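Overview (structure and organization)
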Amino acid sequence: MLRGDLDQVALEQHVEESVLATTFQKLLAWGASSSMFPATFGLACCAIEMMSQVSSRYDIARFGAEASRASPRQADFLILSGRVSIKMAPVVRRIYDQMLEPRWVIAMGACSSSGGMFANYAVIQGADKVIPVDVHVPGCPPRPEALMYGFTKLQRKIKGNPDQGWRARYNAAGTEEWAREDLITDSPGDASNAAYERARRMVSSTAPLEADRSVAPDEGFENRGQS
């Protein structure tokens with residue numbers, strides 16, 4: 001194409017359809033999220049569900065994370081699939097420290113996220129007490145679809161556009177930053193005051209829940225016990 005081949009309108013349309021402007025950091029984040037190297041590592045029963053990610057049914061290769069690496073020095077992505085015992089905690093931490101930077105972690109299942117059913121002295125009550133966790137996937141064990149969903153959330157986080165989750169539903173995006181600024185200034189800022197007013201109006205416009213007073217609590221409990 002030579003200068004003058006397109007008029008002003010056609011030139012602007014051509015630029016809009018053909019040119020993409022971004023920052024170098026965003027380009028790197030997009031590339032990192034699309035070419036992740038998970039470590040070949042499993043802890044317990046969740047690892048069986050995790051292994052199915054590479055099967056043809058789920059095919060994590062569609063998201064660019066099929067090249068599992070046997071060495072943490074070649075991996076930048078760790079899935080904690082199962083409970084983390086006190087005995088395994090130093091091993092998990094060492095593997096994490098040997099991984100490439102930047103690196104990310106998904107806690108898969110209730111056991112790695114919060115200890116799950118193992119509320120005892122032998123199991124870490126949450127893997128984030130040992131290493132930083134980016135995404136928690138609930139379930140016992142979670143299905144492969146749940147892990148895939150958590151993985152796509154992690155990709156969005158790496159790209160710099162994380163899902164807000166419940167914060168979006170309650171219009172709470174940004175409250176952490178506001179609170180941090182409030183601590184610096186030692187007084188509520190304009191954003192915090194505006195959010196407080198919105199929340200106050202929302203609560204005042206919501207009808208209170210009506211309790212069912214036809215059955216006394218003790219009576220209901222006794223009826224349930226008899227049934």
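Residues numbered from 1 in each chain as written. Predicted model: local features only at pLDDT ≥ 70, side-chain atom pairs only at ≥ 80, totals over all residues. Heavy atoms only, no water.

Here Asp76 lies in the loop between α3 (46-51) and β1 (77-81). One buried charge, Asp76, has no salt-bridge partner; the nearest side chain with opposite charge is Arg69, at 9.0 Å. Here the side chain of Asp76 touches Phe37 through a polar contact of 2.8 Å, landing on its backbone nitrogen. In this structure Asp76 touches Ser35, Met36, Phe37, Met99, Leu100, Pro102, Arg103 and Trp104, once residues within four positions along its chain are discounted. (Helix = DSSP H or I, 4+ residues; strand = E, 2+ residues; numbered from the N terminus. Buried < 20%, exposed > 50% of the residue type's maximum accessible area, 1.4 Å probe, protein only. Lys, Arg positive; Asp, Glu negative; His and termini not counted. Salt bridge = Lys/Arg side-chain N within 4 Å of Asp/Glu carboxyl O. Polar contact = N/O pair within 3.5 Å; in protein donor to acceptor, adjacent residues only side chain to side chain. Contact = heavy atoms within 4.5 Å.)

This paragraph deals with the pattern of salt bridges. Enumeration according to the criterion identifies four salt bridges in this entry. Taking the shortest distance from any N to any O, the salt bridge between Arg103 and Glu101 comes out at 3.1 Å. Glu145 is paired through a salt bridge with Arg143; the nearest N and O atoms lie 3.1 Å apart.

One open sheet accounts for three strands, arranged β1-β2-β3; its pairing is parallel. The open sheet terminates on both sides in strands that have one partner only, identified here as β1 and β3 (135-137). Each strand axis lies, on average, 20 degrees off the axis of its neighbour in the sheet, ignoring direction. Running at roughly 155 degrees to strand β2 (residues 104-108), helix α6 (residues 144-158) makes contact with β1, β2 and β3 of the sheet. (Pairing = 2+ DSSP bridges. Axes fitted to C-alpha atoms, helices over the stretch in contact; angles between N-to-C directions.)

Buried within helix α4 (residues 89-98) we find Ala89, Val92, Ile95 and Tyr96. All buried residues of α4 lie within an arc of 125 degrees about the axis, which places them on one face of the element. For α4, exposure combined with an orientation more than 90 degrees from the buried face picks out Pro90 and Arg94. Where α4 is buried, its residues touch β1 and β2. (Arc of directions from axis to C-beta.)

The next point concerns the pairing of β1. Burial analysis of β1 places five of its five residues in the buried class, which makes it a mostly covered element. Of the two faces of β1, the one lined by Phe77, Ile79 and Ser81 and the one lined by Leu78 and Leu80 are each fully buried. As paired elements, β1 and β2 share five bridges and run parallel to each other. Opposite Phe77, over in β2, you have Trp104 as the bridge partner.

Below, the discussion takes up the confidence of the model for the protein chain. This prediction gives the protein chain a mean pLDDT of 82; 87% of its residues lie at or above 70. Looking at the elements of the protein chain, mean pLDDT is at its lowest for helix α10 (residues 217-226), recorded as 45, and at its highest for β2, recorded as 92. Segment residues 220-227 is flagged for pLDDT under 50; beyond a separation of four residues in sequence, or across chains, it makes one contact in the model. (pLDDT = per-residue confidence, 0-100.)

What follows is about the pairing of β2. Burial within β2 is extensive, with five of its five residues counted as buried. Neither face of β2 is left uncovered, since the one carrying Trp104, Ile106 and Met108 and the one carrying Val105 and Ala107 both have all their residues buried. In the classification by handedness, the crossover that spans β1, the intervening α4 and the parallel β2 is right-handed. Where β2 and β3 come together, three bridges link them in parallel fashion. Each residue of the ladder has a partner; that of Met108, found in β3, is Val137. (Right-handed = clockwise from strand over helix to strand, strands pointing away.)

The final tally for this structure, using the stated rule, is two aromatic pairs. Aromatic pair Phe63 and Phe151: ring centres 6.2 Å apart, planes at 75 degrees, arrangement edge-to-face. Residue Phe63 is found in the loop between α3 and β1, and its partner Phe151 is found in helix α6; the two are separated by 88 residues along the sequence. Aromatic side chains Phe77 and Phe151 sit 5.5 Å apart centroid to centroid with 45 degrees between the ring planes, which places their arrangement in the tilted category. Of the two residues, Phe77 sits in strand β1 while Phe151 sits in helix α6, which places them 74 residues apart along the sequence. The two residues Phe77 and Phe151 agree in class, both being buried. Feature note: the residues Phe63, Phe77 and Phe151 constitute an aromatic cluster, connected by ring pairs. Above the plane of the ring of Phe118 lies Arg83, whose end atom (NZ or CZ) is 5.1 Å from the centre. Between Arg103 and the ring centre of Tyr96, over which it is positioned, the NZ or CZ distance is 4.3 Å. (Phe/Tyr/Trp six-rings, centres within 6.5 Å; stacked < 30°, edge-to-face > 60°. Lys NZ or Arg CZ within 6 Å of the ring centre and 35° of its normal.)

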